[in-house]
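# Architecture and fold: a report
This is what each chain is made of:
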Amino acid sequence: PPADAAAAILRIMVDEKEQAKAKAKAGEGEGGRGGLSEEEAAQYDRQIRLWGLEAQKRLRASRVLLVGLRGLGAEVAKNLILAGVKAVTLLDPQQVSPEDTQTQFLIPLGSVGKNRAEASLARARDLNPMVDVKADQESVERKPEEFFTRFDVVCVTCCSQEVLLKVDQICHKNGVKFFAGDVFGYHGYMFADLGGHEFVEEKTKPAKTSQSMEDRPDAKKAKLDFVETTMVKKRMTFCLLKEAFGITWSTEKGQAALKRTTPDYFLLRVLLKFRTEKGRDPALQACVEDAETLLQTRRGVLASLGVGADLIPDNFTSCCFSEMASVCAVVGGVLGQEIVKGNGIVECLAPS
């Protein structure tokens, strides 16, 4: 009967939670610094079953700096705090604007004029009391190099190209994982610099079969069924953002790369140039003026890069204004996911 089936499912779920708690206790009893409490085991039960207890312990020992608390920053903060990192520092010197209240769900109503990081702090902490969440109102430009070395991951949003390049170089030099992202209207991007990153990849190959198997009538089918899965360790070296922005497109190698490069790369260069020159993003309140400025900026940027002006159509300006909550959710989901898994299921967050 349905009632019996529901009761059986409930018993299974309870048993699985008890097993997760027992595993966490066992890990804690081994004396590891990353041991999880019973409360944490219950909170992260689904994640532990997904990527294992050891991976969750590494995640639980990681500290993240998140720069920029607009709509995208709020999405990334939510995803990291719910995932269960050790600590998140929210850094933003700007005040809450009326536009922020449309996309930034961590900011309560009536917070216009307050600091964005401080206004986001209470709701961010409520997401997961087991994560140490702090607010920092100082500008990222004023932070010394040693400040960034306190973290395992730095994620930067809402910053100028100059700041992005500077912070990425500091992180790359000190072995800190660097991520960046932004949302401009319907457009969004993310960048990752994990330095020299090692990861494990599954490889499958047909298994060897015996002569007796090959002589059987169904040998052909058997050959398809018998495969071996091996784990292969690989290493990838990520480029600096400076290198990604320093490509010479006029060379033969650059022309070959141009065929594989999405026009969104060049659109990002235009939008970052606008941000640098104006000190802000394109605004709906000045849409006519900003649209004309964007067209002029496009011509200058594409000419300086040595690529054709037709890479970005004239109507691109209609899709670059303001942050959209739905786009923030998508880009923030991808960015948060990449920070957590880092191409190796939370390996990138493991403290060295």
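Rules used throughout
- Residues numbered from 1 in each chain as written.
- Predicted model: local features only at pLDDT ≥ 70, side-chain atom pairs only at ≥ 80, totals over all residues.
- Heavy atoms only, no water.
- Helix = DSSP H or I, 4+ residues; strand = E, 2+ residues; numbered from the N terminus.
- Buried < 20%, exposed > 50% of the residue type's maximum accessible area, 1.4 Å probe, protein only.
- Contact = heavy atoms within 4.5 Å.
- Pairing = 2+ DSSP bridges.
- Right-handed = clockwise from strand over helix to strand, strands pointing away.
- 1 Å grid on protein atoms, 1.4 Å probe; cavity = no way out; pocket = protein on both sides within 12 Å on 5 of 7 lines; lining within 4 Å.
- Points joined across faces, edges and corners; volume = space filled by probe spheres on them.
- Nonpolar A, V, L, I, M, F, W, Y, C, P; charged D, E, K, R; others polar.
- pLDDT = per-residue confidence, 0-100.
- Expected span 1.5 Å × (residues − 1).
- Salt bridge = Lys/Arg side-chain N within 4 Å of Asp/Glu carboxyl O.
- Axes fitted to C-alpha atoms, helices over the stretch in contact; angles between N-to-C directions.

Attention shifts here to the overall build of the chain. Counting its regular elements, the chain contains 16 helices and eight strands. In the chain, which comprises 352 residues, the share counted as buried stands at 44%. The long-range share in the chain, meaning contacts at least 24 apart out of those at least 6 apart in sequence, stands at 64%.

Within strand E2 (residues 87-91), five of the five residues are buried, leaving the element largely enclosed by the surrounding structure. Side-chain alternation along E2 places Ala-87, Thr-89 and Leu-91 on one buried face and Val-88 and Leu-90 on a second face that is also buried. Pairing of strand E1 (residues 63-67) with E2, which is carried by five bridges, proceeds in the parallel orientation. Bridge pairing links Leu-65 to Thr-89 in E2. Note that the unit made of E1, helix H5 (residues 71-83) and E2 has a crossover that is right-handed. In this structure, E2 lies alongside strand E3 (residues 132-136), joined through five bridges in parallel fashion. Looking across to E3, one finds that Leu-90 is bridged to Ala-135.

Bringing empty space enclosed by the protein into the picture now. Evaluated as defined, the whole model comprises one cavity of 30 Å³ or more. Quantified by volume, the largest cavity comes out at close to 30 Å³. Forming the boundary of the largest cavity are Arg-70, Val-183, Phe-184, Gly-185, Asp-281, Pro-282, Cys-320, Phe-321, Ser-322 and Glu-323. Here the residues of the lining of the largest cavity are counted per class, giving five nonpolar, two polar and three charged.

What follows deals with the confidence of the model for the chain. Overall, the predicted model of the chain reaches an average pLDDT of 84, with 81% of residues at or above 70. Scored below 50 in pLDDT, residues 27-34 makes six contacts in the model with residues more than four places away or belonging to other chains. Across residues 348-352, confidence stays below pLDDT 50; counting only partners more than four residues off in sequence or on other chains, it has 20 contacts.

Attention now goes to H5. Relative to the 18 Å expected for 13 residues at 1.5 Å per residue, H5 spans 19 Å between its end C-alpha atoms, a close match to the ideal helical length. Along H5, the residues that are buried comprise Gly-71, Leu-72, Gly-73, Ala-74, Glu-75, Val-76, Ala-77, Leu-80, Ile-81 and Ala-83. At the C-terminal side of H5, Gly-84 shows a positive phi close to 100 degrees.

Under the criterion given, the structure shown has 19 salt bridges. Here Asp-45 makes a salt bridge to Arg-49, at a shortest N to O gap of 2.5 Å. With a gap of four residues between them, Asp-45 and Arg-49 both fall in helix H3 (residues 45-51), about one helical turn apart. Owing to a relative accessible area of 3%, Asp-45 belongs among the buried residues under this scheme.

The next point concerns the sheet that holds E2. Spatially, six strands are ordered E3-E2-E1-E4-E5-E6 in an open sheet, and the strand pairing comes out mixed. On the outer flanks of this sheet lie E3 and strand E6 (187-193), each paired with one strand and no other. Here the average twist between neighbouring strands, direction ignored, is 15 degrees. In the packing of H5 onto the sheet, the strands contacted are E1, E2, E3, strand E4 (153-156) and strand E5 (177-184), and the crossing angle to E1 comes to about 170 degrees. Along the sheet, helix H14 (residues 263-278) contacts E5 and E6; its crossing angle with E5, the most-contacted strand, is approximately 85 degrees.

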